[in-house]
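# Summary of structural features
Now for the letters of each chain:
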Amino acid sequence: MSEIVLTTAQIMKLIPHRWPVLMVDRIVEYDPARGYIRGEKAVTATEWFFQGHFPQLPVMPGVLQVEALAQTMAVYVAQQEGFGDRIGLFAAIDECRFKRVVVPGDVVSLEVTMAKLGGRFGRGHGVAKVDGEVACEADLSFIIPREGVLG
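Everything in this summary refers to the structure shown in the same document. (Residues numbered from 1 in each chain as written. Predicted model: local features only at pLDDT ≥ 70, side-chain atom pairs only at ≥ 80, totals over all residues. Heavy atoms only, no water.)

## Quick look at the environment of L57
Of note, L57 is situated in the loop between β2 (36-42) and α2 (62-78). On the basis of relative accessible area, L57 is assigned to the exposed category, the value being 57%. In this structure, the C-alpha to C-alpha distance between L57 and P104, residues 47 residues apart in sequence, is 10.0 Å. (Helix = DSSP H or I, 4+ residues; strand = E, 2+ residues; numbered from the N terminus. Buried < 20%, exposed > 50% of the residue type's maximum accessible area, 1.4 Å probe, protein only.)

Here is the structure:
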């Protein structure tokens, strides 16, 4: 395990995700000068998604790996001045590739490097790794809707 920069409780103060959808356990590296953040997700045998994906061969769904990267990006964005509690929504998932299965017992390293961050749009590259081996990578884009759009 790496040194903890942000705990789960601190992450939940920054982004709205909660169990069972919170996919980032801790932030272990944060470098705003580089536009970089790294989180971790410890995958346990009792994860809710293993009940059906797949009962005899538990594999973390790829879409949840992408979601974990997006949540890590959201933690980065929430710490930037002027963003605070503004909620971003997916705009695009590009060049997404899955290269390794993620199974119970794995600790997934969630690395995000921001490419662009404006007032209402952002884009970055995310890489999920297990033991240094790439499990998933994608270019992720999000928008922040105008005030009142989400209710």
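## Thoughts on the pattern of salt bridges
Counted by the stated rule, this structure contains 10 salt bridges. Here E47 and K41 are joined by a salt bridge, their closest N and O atoms 3.1 Å apart. Relative accessible area serves as the criterion here: at 11%, E47 is assigned to the buried category. A salt bridge links D106 to R100; its shortest N-O distance comes to 3.1 Å. Looking at D106, the relative accessible area reads 10%, which means it is buried. Residue R100 is classed as partly exposed on the basis of its relative accessible area, which comes to 22%. Several salt bridges converge on common partners, so that one network encompasses R26, E29, R38 and E40. (Salt bridge = Lys/Arg side-chain N within 4 Å of Asp/Glu carboxyl O.)

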